[in-house]
Amino acid sequence: MEPGQRVLEQLKPGGEAETVWLERILTFITEHVHPLLSSGPAPSGGSVCPDELCVRVVKEIQNMTVTHSLPVSYRLISVSELLSKQHLACVSNLSWSTNQQRAWEKEAELALPGQRALPRVNLLLIGWLREGQAGDWRLTDASGSVRFECLSPSLLWLNHLVFLPQWNYIPHNALGQDGTHSEGHVELIGSPVLLHPAPEQGLAAGPGEGAGLSGAVGVRQALGLMKKRTRGQRLSVWGTVASVCPLLVVSGTSFFCFWLTDGSHSLPLLVKDSSRLWWSQCVCVGQSVCVTALRVCVLRGWRGNSILCVTERSEIHTDYTHTQENTHSDTESDTPSLEMMSHGEDGGDTCKEAEPGRSILQSGVRVKQSRVISYQGTVTEVVSEGAGLYVIDRKVGLCLAYQPGPRRKLRVGDSVELHHVHFLYRPCPDFPPSMLCMCLRSSLRVTSFSRVGGSSPVSTCPGDGVLPRLLLEKNVGVSEYLWTCHLSSQLSHSLLPSVMKQQCVCVLSWRLMVEVWGRTGGGRRDIYAEMLDEPHTCPLTQYRVVSAVRQYISVSELSESLQSECWSSVSLSSLLPPDGPSLTSDQINSALAWSCRKLTSDLQKSPEPGLGLRQRPLLLVGVLELPTQTSDQSLQLRDRTGAISCVVTETSQEEEGGQTAVFNTAWIGCLVCIKHFTMVTERFLQSGFPSHQHLDQEKYITHRNCRVYLQFSLDHVHILSPSVAMVTHLQQKGEESGGDVTKGERTEEEEVTKKRKKEAAADSSHSVTGATTSASCRPSPCVSMVIRMEQKEGVTWRNMGVGLKDREAGLTLSFSVRAAVIGAGVSWGRDPKNGPMTASEADSGRKEKVLLVFSGVSARWFPLLQPGSFYRLVAPNTQDRSVLIGCSVPGRSQAELHTGSTLQVQSDWRFHTLTRPLLLQSYRQALSPTYLSLSDVIDGCSSDVVCFQALVSDRISLSDRTSGSGPTGVRLTVCDETGTSLQVYLDLGHAPYPAGMLPGNRLLLSAFQRRVSRSGGVYCRGLPVSSVSVLSLGETSSAQPPPPPPMMHLGEWAASRRQRCSVGRVKGHVVCFLFLQLQWICSLCGSLYRQCCSSSQCHSTSSVFDSKAKLVIDDGTGEAHVSFSGVLVCTLLGLADSQWAGLQRAVRVRGHIRVFPRGRSLVCDPDDPLLHYLVCVCSSEVVCRQLSLSCSRNTRQRAEGTKRFTRGERDFITRMAPPPQLTCQHIL
């Protein structure tokens, strides 16, 4: 009879569908199962035919179904078909009814909100359970094998034919992995059915005396026997599993260790035999086992030396119960209980109680001791599978990086049990406060497989585990590793894919960790000591706690935060001077027109309230670029998320090495890390506030905006991936360029990904701007010439009309530079960039000048072209040297031309800075441009156009209130080291807004017009060709106080006409009080205000208190009349705040009062008590005292006059200069 007929005769199908289904079952078993059965070991009952096996399988299937009928909707699937065609995670359960399935799905999705339960498939699996190569189990049929995972494996399953009625299948790409795993795996969620049972395993002792179960000894006795080693001795040891170390592969040898304990003593066992590695799947913590045929061996590399090792004849017996007659007298206790923590059991108290209390302070960093605990919970988030980071119970972090990566990656929904895991509290501020970290002594066991499908994690690390391998090589602390992982996930969003590949981001993050933390590694890791030493020590025993570690922030996040907090973090009243309540409407609106907020990237001792960015120091990563046509003319820092303008300085080439404006073009295209920088927010406000009381009303604000940018020095920049030009620059400086993350050390994993890193080098070392990328693609011919910048004009909007189409006609950014040509043009086969200067590029006798005109795209070179620097001008894609020869300006006969040739710079031309080491020897000593000092500008300059350096001490915005276009000009008060000050006026209506003109910054002001006012004061005024460059930056987030003004003698200040100093310090004694005026005035029109405004044309209801005083001060060289106003009058009179407030209330009744202490006849009512009080105050010793003042000299002084002196009976008349009229700014 045919096998198919025998099957149908025994099973008696109820219809055609069941008959076809049975035939398919028989065909599947014949093709995929029976070939392995026939080639394997014979069963106890002899060989099994395919039809007999088919009948046995079908009967088992019927027993598993709810109705005990044939489930024709199910089908058997081969392993090869499962791997090749099942691309989605799924679940199969033969015993489910529809209602049971729905209840299972609902329960799974309620337990993990936001997750979807695994979809059900009607598939069945049959195969042999075999041992894999690395200790794993595999389900095998004739078509292939698949990795097999189970929760509680039994030794009876191995090498047996099984039928799986309940299982999950997880393909390799179900978790959003990047293809690093070659296949998926099967998860057993129920017990398998043994289809081909073998004889029961006996528990008889194996060969050798004392090697079987009858001679098993406890842990304590085994320790004693190990000290009395006997050649050929074999031990059988029983006990409770205390910990299971992970499977390791060292030099091609696989092994693992597990510990047995009897409650008071512990004993490690080494499993090295390849045929016993599968034990790692069966041994779990808390299980009672007996291991036979163990031998004592010497473990090289471990200080403990002797250890029990599994042999080829060893057997393991799980769930072992030691009989009473075999119990030795030294056995003290039975199976010990294990302490287990979980988040559900008073998780908050557990974490607080488990927080390590012992800490050590090392170099200002807190070093804490971890605590070893056991824990059970559910995985709720996969932070980074490649980095081994997870979240358990939504509040506890889990780090597996210090162990070899598990074969089965954890999924959301997995229930896990952790033993001998290290508890750390706040090791990294970017992760949950409670962290569990596993070392080589820790064990992890999945107690329940996830019932939900995998989802791609938001922040990932490469699935090939670049960061864990770097951790294994460098052996850094867990705090550093966690910070690196978080940084890697952030950089993968802000840099990829425009800058570099994912693997390079991991190496980049590691180098940033070394730069920020200053640690390269903790030495070689001793794996044997970590697994076997008592007391236990490992890299997780101690960890560093640095709450103020730097926080990475993307460019767009930084820019958006600064803009959003521009106005919310400040009250308008705080932007006014101390006498803000007494200011008139014009004074208030003028003071609010411009304000500045500067924050340092370093953590301040008193951070501003409400500012989220100030919790930790900040860290920026990006590519330095030239400005675009739509941005201001400053360098930009760009990442994938956006760009931000930067005011940049660097160390000059002079011997003194001071700061200067950035001039080196090699920085363009460099991927850099910036740790120390200043965030600047300039606020521009157009308002019409009537008085100080109306500042909280938004309706008086007509227009407001802000501008954000960064300030930093290149001395505080760390190069991560240099441009080609930067490599040349660093080599000439004698430094290594080794910051390129695409090259790195020749580690094993980098050799594997060598090809990908070469591709990343092209991505990471180029600039996004078109000026530096075209040449890096392929070599192209070009011509160049070397020039030396002599003078740079300012960039403005001009109607150039050069190279513009009709539809593009209009204003364009333009500026010009005057330069000296060093030599003739030179042809090249490829761009020489900033290579060393050659002799063919120099001509010592050449004194030609050229005027370079930049417009449109070429105007972006403005921030990098500085007077006194040498540049190589390169014109690509041509061999014609004449393109670098400027055209001459035609002149008429008998006319002498004082201009050189003019050269229009094209958009694709490039400039490369030639620093002094790159120049020929004869040009390295070139004289730097000289600039006037501020004293020379004020006193001894005969030129109308001047260039000078100065420190900004004050700034006032000059706005056109009739338009909404923002500021149209500024007035800068600049000074030098002596305190000499000068006012500079700039018109911003026809030029891009220049960044960096802030108090505390040192500026280079070129081509400014020196003007003398009608009163004799000197000031400077910007011209269309004027240029402003930032030479150095303020040291802190707040502007440094300017140098004090110079000390002035009143006699010299009044007599010297050439001394045009407008601000000075005066120290003298008060001779007399000339007058005091107190009044309430209208805040809008300034008229006298009693109950209402005295002006009939003004209907304002707001008033302010106005106070003025004038006195005579004498310093021994002369006299001066000094005027006081506002709160300075209160300080001058020596009144307390309460007295000053009472005086204001008294004056409000009458509106105003004037006091002349030395001319009482000028007062109408001398008996007025208020007047008498003020006269007494003005004449008191509190006022008539010695004062030290900072004063400004009024520009309008009285002319010389005659004065009569009487000596005895004679009168003398002489001409005398009037005393200088001063206005007090500060009472020192």
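Residues numbered from 1 in each chain as written. Predicted model: local features only at pLDDT ≥ 70, side-chain atom pairs only at ≥ 80, totals over all residues. Heavy atoms only, no water.

Student: Help me understand the overall build of the chain in this model?
Tutor: Summing up its helical and strand segments, the chain has 23 helices and 58 strands in all. When each of the 1228 residues of the chain is scored for burial, the buried share is 52%. Across the chain, contacts joining residues at least 24 apart in sequence account for 71% of those joining residues at least 6 apart. Accessible surface, the chain as shown: approximately 56,000 Å² in total, 49% of it carbon and sulfur. (Helix = DSSP H or I, 4+ residues; strand = E, 2+ residues; numbered from the N terminus. Buried < 20%, exposed > 50% of the residue type's maximum accessible area, 1.4 Å probe, protein only. Contact = heavy atoms within 4.5 Å. Areas by Shrake-Rupley, 256 points an atom, 1.4 Å probe, with all protein chains shown as cover.)

Student: Would you mind going over the confidence of the model for the chain with me for this structure?
Tutor: Mean pLDDT over the chain works out to 82, with 82% of the residues at or above the 70 mark. Between residues 891–898, whose pLDDT stays under 50, and residues either more than four places distant or in other chains, the model counts 3 contacts. (pLDDT = per-residue confidence, 0-100.)

Student: Help me understand a positive patch on the surface, please; the structure alone is not making it clear to me.
Tutor: Taken together, the side chains of R234, K272, R295 and R313 define a basic patch exposed on the protein surface. Exposure remark for K272: the relative accessible area of 47% places this residue in the partly exposed category. (Patch = residues over 30% accessible without salt bridge, like charges linked within 9 Å, V, L, I, M, F, W, Y side chains within 5 Å. Salt bridge = Lys/Arg side-chain N within 4 Å of Asp/Glu carboxyl O. Lys, Arg positive; Asp, Glu negative; His and termini not counted. Charge placed at Lys NZ, Arg CZ, Asp CG, Glu CD.)

Student: What should I look at first to understand the pairing of strand β33 (residues 671–674) in this one?
Tutor: Every other side chain in a regular strand lies on the same face of the sheet, so the side chains alternate between the two faces. Residues of β33 alternate between two faces, with L671 and C673 on one and V672 and I674 on the opposite face, all of them buried. By the bridge criterion, 4 bridges tie β33 to strand β36 (residues 717–721) in an arrangement that is antiparallel. Counted as the bridge partner of V672 is I719 from β36. (Pairing = 2+ DSSP bridges.)

Student: What is the right way to read the packing of helix α9 (residues 466–474) against helix α10 (residues 478–494) from this model?
Tutor: The description of two helices packed together rests on the angle between their axes and the distance between the axes. Contact pair α9 / α10: the axes reach a minimum separation of 11 Å and the direction vectors enclose 155°. Judged by the inter-axis angle, α9 sits roughly antiparallel to α10. For the element pair α9 and α10, the recorded crossing hand is right-handed. Residues L467, P468 and L471 of α9 lie in contact with α10, whose contacting residues are Y481, T484, C485 and S488. Partitioned by chemical class, the residues of the contact of α9 with α10 number 5 nonpolar, 2 polar and no charged. (Axes fitted to C-alpha atoms, helices over the stretch in contact; angles between N-to-C directions. Parallel < 35°, antiparallel > 145°, perpendicular 65-115°, else oblique. Left-handed = near helix turned anticlockwise from the far one by under 90°. Nonpolar A, V, L, I, M, F, W, Y, C, P; charged D, E, K, R; others polar.)

Student: When you look at the nonpolar core in this model, what are you seeing that I'm missing?
Tutor: If you look at the biggest cluster of nonpolar residues, it comprises 77 residues, and the most contacted ones within it are L398, C399, L436, Y481, W483, L491 and V621. Excluding anything up to four places from it in sequence, L436 contacts I373, Y375, V396, G397, L398, C399, L418, V421, H422 and F423. Counting residues in hydrophobic clusters, the runner-up holds 59 residues, among them V717, I719, V795 and L865. (Core = buried A, V, L, I, M, F, W, Y, C linked by side-chain atoms within 4.5 Å.)

Student: In this structure, what is going on with the environment of Y320? I would like to understand it.
Tutor: Looking at where Y320 falls in the secondary structure, it is placed in the loop between β16 (316–318) and β17 (341–342). Residue Y320 is classed as buried on the basis of its relative accessible area, which comes to 12%. Measuring from C-alpha to C-alpha, the distance between Y320 and S288 comes to 5.3 Å, with 32 residues separating the pair along the chain. Apart from the residues within four sequence positions on either side, Y320 is in contact with L213, A216, W238, S288, V289 and C290.

Student: Mind showing me how you'd approach the pattern of salt bridges here?
Tutor: Two side chains carrying opposite charge are able to pair once their charged atoms lie near each other. On inspection of all chains with the given rule, the structure shows 25 salt bridges. Of the charged contacts in the structure, one is a salt bridge between E480 and R544, with a shortest N-O distance of 3.5 Å. Highlighted residues: E480 in helix α10 and R544 in strand β26 (residues 542–545), separated in sequence by 64 residues. For the salt bridge of D602 with R550, the shortest nitrogen-to-oxygen distance reads 2.6 Å. Of this pair, D602 sits in the loop between β28 (594–600) and β29 (618–625) while R550 sits in the loop between β26 and β27 (551–552); the two residues are 52 residues apart in sequence, bridging distant segments of the chain.

Student: Can you walk me through the state of the cysteines in this structure?
Tutor: By definition, a disulfide links two cysteine residues through a covalent bond between their sulfur atoms. Using the criterion set out here, one finds 0 disulfides in the structure. With no disulfide of its own, C399 has C437 as its nearest cysteine by sulfur position, at a separation of 4.6 Å. Look at C399 and you get buried, because its relative accessible area is 0%. Free of any disulfide, C706 has its nearest neighbouring cysteine sulfur in C566, separated by 3.9 Å. (Disulfide = S-S within 2.5 Å.)

Student: What's the story with the packing of aromatic side chains in this structure? I'm lost.
Tutor: The relation between two aromatic rings is expressed through the spacing of the ring centres and the mutual angle of the planes. Considering all chains together, one arrives at 16 aromatic pairs under this definition. A centroid spacing of 5.4 Å and a plane angle of 90° characterise the contact between F684 and Y993, whose relative ring orientation is edge-to-face. Here Y993 lies in the loop between β47 (981–987) and β48 (1002–1012) and F684 lies in strand β34 (residues 678–687), a separation of 309 residues in the sequence. In this pair, the class of F684 matches that of Y993, namely buried. Here the aromatic residues F815, F854, W861, F862 and F911 are joined through ring pairs into a cluster of three or more. Positioned above the aromatic ring of F862 is the side chain of K792, whose terminal nitrogen or guanidinium carbon lies 4.1 Å from the ring centre. Stacked on the ring of W1080, the Lys or Arg R1148 has its end atom at 3.7 Å from the ring centre. (Phe/Tyr/Trp six-rings, centres within 6.5 Å; stacked < 30°, edge-to-face > 60°. Lys NZ or Arg CZ within 6 Å of the ring centre and 35° of its normal.)

Student: Please clarify how the side chain of S601 should be interpreted in this entry.
Tutor: As for its position among the elements, S601 is in the loop between β28 and β29. Within the structure, the side chain of S601 is placed 2.7 Å from the backbone oxygen of K675, a separation counted as a polar contact. (Polar contact = N/O pair within 3.5 Å; in protein donor to acceptor, adjacent residues only side chain to side chain.)

Student: Would you mind showing me how to read the packing of α9 against helix α11 (residues 502–517) here?
Tutor: Look at α9 against α11: their axes get within 9 Å of each other, and the N-to-C directions meet at 40°. In the packing of α9 onto α11, the handedness of the crossing is right-handed. Contacts between α9 and α11 involve V466, L467, L470, L471 and K474 on the former and, on the latter, Q503, C506, V507 and W510. Residues belonging to the contact of α9 with α11 are distributed by class as follows: 7 nonpolar, 1 polar and 1 charged.

Student: Mind showing me how you'd approach the side chain of R683 here?
Tutor: By secondary structure assignment, the location of R683 is in strand β34. With relative accessibility at 3%, the residue R683 sits in the buried group. Among the polar contacts made by the side chain of R683, one reaches the main-chain carbonyl oxygen of C566 at a distance of 2.9 Å. The contact partners of R683, leaving out residues within four places of it in the chain, are C566, W567, V570, L575, A593, W594, S595, C596, R597 and N705.

Student: Before we go on, may I ask you to explain α10 in this structure?
Tutor: Because each turn of an α-helix spans 3.6 residues, side chains separated by three or four positions end up pointing in the same direction. The terminal C-alpha atoms of α10, which comprises 17 residues, lie 24 Å apart, in line with the 24 Å expected from a rise of 1.5 Å per residue. Burial runs high along α10: 14 of the 17 residues are buried. (Expected span 1.5 Å × (residues − 1).)

Student: How should helix α6 (residues 219–227) be read in this particular structure?
Tutor: Buried within α6 we find V219, A222 and M226. Projected down its long axis, α6 carries its buried residues within an arc of 55°, all on one side. Each element contacted by the buried residues of α6 is listed here: β10 (235–244), β12 (253–261), β13 (266–271), β14 (288–298) and β15 (306–310). (Arc of directions from axis to C-beta.)

Student: Hey, could you run me through the pairing of strand β24 (residues 434–437) in this one?
Tutor: Here β24 shows no split at all, with S434 and L436 on one side and M435 and C437 on the other all buried. Sheet topology note: the strand β22 (residues 396–399)/β24 ladder contains 4 bridges and is parallel. What sits directly across from C399, in β24, is C437. One ladder, built from 4 bridges, connects strand β23 (residues 415–425) with β24; its direction is antiparallel. Looking at the pairing, L424 lines up with M435 of β24.

Student: I keep staring at unusual backbone geometry and nothing clicks. Help me out?
Tutor: Glycine aside, residues mostly have negative phi angles, and peptide bonds mostly take the trans form. For the bond running from E534 to P535, omega is 0°, close enough to zero to count as cis. By secondary structure assignment, the location of P535 is in the loop between α12 (527–532) and β26. Phi at R426 is positive, roughly 55°, even though this residue is not glycine. Along the chain, the position of R426 falls in the loop between β23 and β24. For N877, which is not glycine, the phi dihedral falls at a positive 60°. Positionally, N877 belongs in the loop between β42 (870–876) and β43 (901–904).

Student: Help me out: how do you make sense of the environment of S494 in this one?
Tutor: Note on placement: S494 falls in helix α10. The spatial distance from the C-alpha of S494 to the C-alpha of V621 is 8.9 Å, given a sequence separation of 127 residues. With sequence-adjacent residues up to four places away left out, S494 is seen in contact with Y552, S554, D639, R640 and T641. A distance of 2.5 Å separates the side chain of S494 from the side chain of Y552, its partner in a polar contact.

Student: Mind showing me how you'd approach the environment of S264 here?
Tutor: Residue position: S264 is located in the loop between β12 and β13. Taking the C-alpha atoms as reference, S264 lies 8.2 Å from R220; in sequence the two are 44 residues apart. Only 2.8 Å separates the side chain of S264 from the side chain of H265, close enough to count as a polar contact.

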